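# Structure assessment
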Amino acid sequence: MEYWIGLRTGIALILVIGAQNAFVLRQGLRREHVLAVVATCALSDAVLIAAGVAGIGAAVDALPWLMPLLRWGGVAFLGWYGARSFLSAWRGGAVMTAGEGDRVPLVKVMLTCLAFTWLNPHVYLDTVVLIGSLSAQFEGREWVFGAGAMSGSVIFFTTLGFGARLLAPVFERPIAWRILDTCVGLLMWSVAATLVFAEM
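Reference entry: report on the structure contained in this document.

Basis of the calculations
- Residues numbered from 1 in each chain as written.
- Predicted model: local features only at pLDDT ≥ 70, side-chain atom pairs only at ≥ 80, totals over all residues.
- Heavy atoms only, no water.
- Helix = DSSP H or I, 4+ residues; strand = E, 2+ residues; numbered from the N terminus.
- Buried < 20%, exposed > 50% of the residue type's maximum accessible area, 1.4 Å probe, protein only.
- Phe/Tyr/Trp six-rings, centres within 6.5 Å; stacked < 30°, edge-to-face > 60°.
- Lys NZ or Arg CZ within 6 Å of the ring centre and 35° of its normal.
- Core = buried A, V, L, I, M, F, W, Y, C linked by side-chain atoms within 4.5 Å.
- Contact = heavy atoms within 4.5 Å.

### Examining the environment of Ile 175
Relative to the helices and strands, Ile 175 resides in helix H8 (residues 174-197). By relative accessible area, Ile 175 is classed as partly exposed at 41%.

### Remarks on the packing of aromatic side chains
Under the defined criterion, the tally for this structure stands at 8 aromatic pairs. Ring geometry for Phe 23 and Phe 116: centres 5.1 Å apart, planes at 40°, overall tilted. One end of the pair, Phe 23, is in helix H2 (residues 19-30); the other, Phe 116, is in helix H5 (residues 106-118), with 93 residues separating them in the sequence. The exposure class assigned to Phe 116 is partly exposed, which follows from its relative accessible area of 28%. Plain terms: the ring middles of Phe 138 and Phe 145 are 5.2 Å apart, the flat faces sit at 25° to each other, and that makes the pair stacked. Neither Phe 138 nor Phe 145 differs from the other in exposure class; each is buried. One aromatic cluster is present, built from ring pairs that chain together Phe 77, Trp 80 and Tyr 81. In this structure, Arg 84 is placed above the aromatic ring of Tyr 81, and the distance from its NZ or CZ to the ring centre is 4.6 Å.

### Details of the nonpolar core
One finds Leu 13, Val 37, Leu 78, Phe 157 and Met 188 to be the most contacted residues of the largest nonpolar core, which totals 40 residues. Those elements that place two or more of their residues in this core are helix H1 (2-15), H2, helix H3 (34-62), helix H4 (66-91), H5, helix H6 (121-135), helix H7 (142-167) and H8. A total of 8 residues in this core trace back to one element, the largest contributor, which is H8. Discounting chain neighbours no more than four positions away, the residues touching Leu 78 are Leu 13, Leu 130, Leu 134, Met 188, Trp 189, Val 191, Ala 192 and Leu 195.

Structure follows, in structure tokens:
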């Protein structure tokens, strides 16, 4: 069960379209260095998730009061994140189209990808802090949860990068972004509900 909760959490947290995801989608639409971009994003997430699971687990052992705080903090954050996604779906999202222009060298693409990943403060909140905190709810099975979250990252970035060429016509329509944001909200709230009712 922990693996599937981790998988769902990992996908939900990175499903929100931000700078990194928009970059991956754009590279996929351009069909440019897609494998390198997908691998970089997934590996970066795996490193950050591993750091979060390892660090938070040690902190919980030393501070018994930390687990309830992390649990309800995670519920509050997931609830807020889900509400924000529903609000975005209500208001309507932006339209994204394929980029045009000359082929960009691999080195430049990789540097840009790393910047989107490692210079984004939200990636640390989502992976190191939030996923690490949530993993502490599954004592003795933290790494199973973490493996699920890592798998979610691999699945998401692979689908986004290589599936973008199929999505190009779809995401020219604003309704597609509304549906995506609604799905994000549902995923976030389902994970929050799992934490709320886990011990009931």
